[in-house]
Amino acid sequence: MIMIDKLVAGYSAEVDILKGMSLHAQHAEIITLLGPNGCGKSTLLKTIAGFLRPRQGSITLQGEDISAQPVHHKIRHGGIGFVPQTENVFAALSVRENLQVGGHYLSSLQARQRMEQLCEDYPVLRRKFNAPAASLSGGERQILALARALMPRPRLLLLDEPSAGLSPKVLLEVFDAICTVRDKEQVTILMVEQNAMEALRISDRAYVLSMGTVALSGKAGELMHDPQVRELYLGGRAA
Ligand SMILES: Nc1ncnc2c1ncn2[C@@H]1O[C@H](COP(=O)(O)OP(=O)(O)OP(=O)(O)O)[C@@H](O)[C@H]1O
């Protein structure tokens, strides 16, 4: 579905943050990206989304090389949705208006139908439809951010720490919503997470990144029980 091959990218010409990173994801898989602070997880998502242009390597989505496409092209034509870690909703706009922004490229009929469907799947959106996003709880905001990104029906959804700042209970609700997204939309999800154990529980596979490359990869269930992974990246906690 998506194939990332020996990707090299960075913010300045002198420094590579991604140093030949390779990974892949299949249709409707949930993949978690783990690793220590600063290893390049968010940079990888930003490069896939098109905010950074790879210096070397390639990003192929369903057989098409999308490495050089800019962000707006990837959202409008490329089937990529991106939910950044912060400022992922427009606080001053209502839930309805946030969804309309997400559906900017749709016809007004398509946008109305899509909003109706998403309100069906995520009832909180209907309950708060005319409320400003600023008035939503942290979990509700994350669900709105997900729904906004889903408006144009992406094939690949990039989520940067969807559980950041959420209580353990709300985190589980957001992870439930992510599973619903995968099941209903049949979208592939690449997710950066600090809550490693909880993220692995809903993931099919995971990659552990280190200093701009892939250090380890495998099925989520296996990585969850790998003593080295638990010690290095999961704080040695029991699964
Ligand atoms: N806009 C930027 N300009 C310059 N350097 C940046 C920028 N954003 C990130 N970096 C640098 O790139 C490196 C990787 O950052 P990145 O945010 O990808 O790490 P991360 O693995 O997502 O970390 P964290 O878990 O702390 O969010 C870091 O050294 C960081 O300082």
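Residues numbered from 1 in each chain as written. Predicted model: local features only at pLDDT ≥ 70, side-chain atom pairs only at ≥ 80, totals over all residues.

Looking up the chain in an unreviewed UniProt entry gives the name Branched-chain amino acid transport system ATP-binding protein, with the organism given as Herbaspirillum frisingense.

Undergrad: Would you mind showing me how to read the overall build of the chain here?
TA: Helix and strand counts for the chain come out as ten helices and ten strands. For the C-alpha atoms alone, the extent of the chain along its principal axes is close to 45 × 40 × 30 Å. Evaluated residue by residue, the chain yields a buried proportion of 43% over its 239 residues. (Helix = DSSP H or I, 4+ residues; strand = E, 2+ residues; numbered from the N terminus. Buried ≥ 20, exposed ≤ 12 C-beta atoms within 10 Å, placed from the backbone.)

Undergrad: Could you clarify how one ought to interpret helix H7 (residues 168-185) in this entry?
TA: Along an α-helix, residues three or four positions apart point the same way, because every turn accommodates 3.6 residues. In a regular helix each residue adds 1.5 Å, so 18 residues correspond to 26 Å; H7 covers 25 Å between its end C-alpha atoms and thus fits that length. Within H7, the full set of buried residues consists of Leu171, Val174, Phe175, Ile178, Val181 and Glu185. One face of H7 carries all of its buried residues, which in axial projection span an arc of 115°. Turned more than 90 degrees away from the buried face of H7 sit Lys169, Asp176 and Asp183, all of them exposed. Positive backbone phi, at 55°, marks Gln186, one or two positions downstream of H7. (Expected span 1.5 Å × (residues − 1). Arc of directions from axis to C-beta.)

Undergrad: Sorry if this is basic, but what is going on with the pairing of strand S4 (residues 56-61) here?
TA: A regular strand carries its side chains on alternate faces of the sheet. As judged from the five bridges shared by strand S1 (residues 2-9) and S4, these two strands associate in the antiparallel manner. Within S4, the residue paired with Val8 across the bridge is Gln56. Of the pairings in the sheet, the one linking S4 to strand S5 (residues 64-65) comprises two bridges and is antiparallel in character. Within S5, the residue paired with Leu61 across the bridge is Glu64. Following S4, the chain reverses through two residues before pairing antiparallel with S5; Gln62 in that reversal takes a positive phi of roughly 45°. (Pairing = 2+ DSSP bridges.)

Undergrad: It is not clear to me how the environment of Ala149 should be interpreted in this structure. Could you clarify?
TA: Looking at where Ala149 falls in the secondary structure, it is placed in helix H6 (residues 138-150). On the basis of neighbour counts, which here come to 22 C-beta atoms within 10 Å, the residue Ala149 falls in the buried class. Between the C-alpha atoms of Ala149 and Arg205, which are 56 residues apart in sequence, the distance is 22 Å. When residues no more than four places from it in sequence are discounted, the contact partners of Ala149 are Gly81, Phe82, Val83, Gly102, Pro154 and Leu157. (Contact = placed C-beta atoms within 7 Å.)

Undergrad: So what exactly am I meant to see when it comes to helix H1 (residues 41-49) here?
TA: Of all nine residues making up H1, eight are buried, and the element is well covered by its neighbours. Those residues of H1 that fall on the buried side of the exposure criterion are Lys41, Thr43, Leu44, Leu45, Lys46, Thr47, Ile48 and Ala49. Gly50 sits one or two residues past H1 and shows a positive phi near 105°.

Undergrad: Is there a simple way to explain the sheet that holds strand S7 (residues 156-160) in this structure?
TA: For sheets, the rule is that strands pair by backbone hydrogen bonds, running either parallel or antiparallel. Across the sheet, which stays open at both edges, the six strands sit in the order S6-S7-S8-S3-S9-S10 with mixed pairing between neighbours. Only two strands of the sheet have a single neighbouring strand rather than two, namely strand S6 (80-83) and strand S10 (213-219). The average angle at which neighbouring strand axes cross in this sheet is 15°, direction not considered. Taken together, the five bridges between S7 and strand S8 (residues 188-192) define a ladder with parallel strand orientation. Note that in S8 the partner of Leu156 across the bridge is Thr188. Sheet strands touched by H7: strand S3 (30-34), S7 and S8. Its angle to S8, the strand with the most contacts, is close to 155°. (Axes fitted to C-alpha atoms, helices over the stretch in contact; angles between N-to-C directions.)

Undergrad: Just checking my understanding: could you explain the packing of H6 against H7 for this structure?
TA: Each pair of packed helices can be described by the angle between their axes along with the distance between the axes. Where H6 contacts H7, the axes come no closer than 9 Å and their chain directions differ by 20°. The orientation of H6 with respect to H7, classified from their angle, is roughly parallel. When you trace H6 past H7, the crossing you get is right-handed. Between H6, through Gly138, Gly139, Gln142, Ile143, Leu146 and Leu150, and H7, the contact on the second element is made entirely by Val170, Glu173, Val174, Ala177, Val181 and Glu185. Of the residues that constitute the contact of H6 with H7, the class distribution is seven nonpolar, three polar and two charged. (Parallel < 35°, antiparallel > 145°, perpendicular 65-115°, else oblique. Left-handed = near helix turned anticlockwise from the far one by under 90°. Nonpolar A, V, L, I, M, F, W, Y, C, P; charged D, E, K, R; others polar.)

Undergrad: Hey, could you run me through the sheet that holds S4 in this one?
TA: Read from one edge to the other, the open sheet built from four strands follows the order S2-S1-S4-S5, with strand pairing classed as antiparallel. The open sheet has two edge strands, strand S2 (18-25) and S5, and neither has a second partner. Across the sheet, H1 lies against S1, S2 and S4, angled at about 70° from S2, the strand it touches most.

Undergrad: Got a minute to help me understand the environment of Ile143 in this structure?
TA: On the secondary structure map, Ile143 appears in helix H6. When the C-alpha atoms of Ile143 and Val174 are compared, they prove to be 6.8 Å apart, with 31 residues separating the residues in sequence. Leaving out residues up to four positions away in the same chain, Ile143 has contacts with Tyr122, Val124, Val174 and Ala177.

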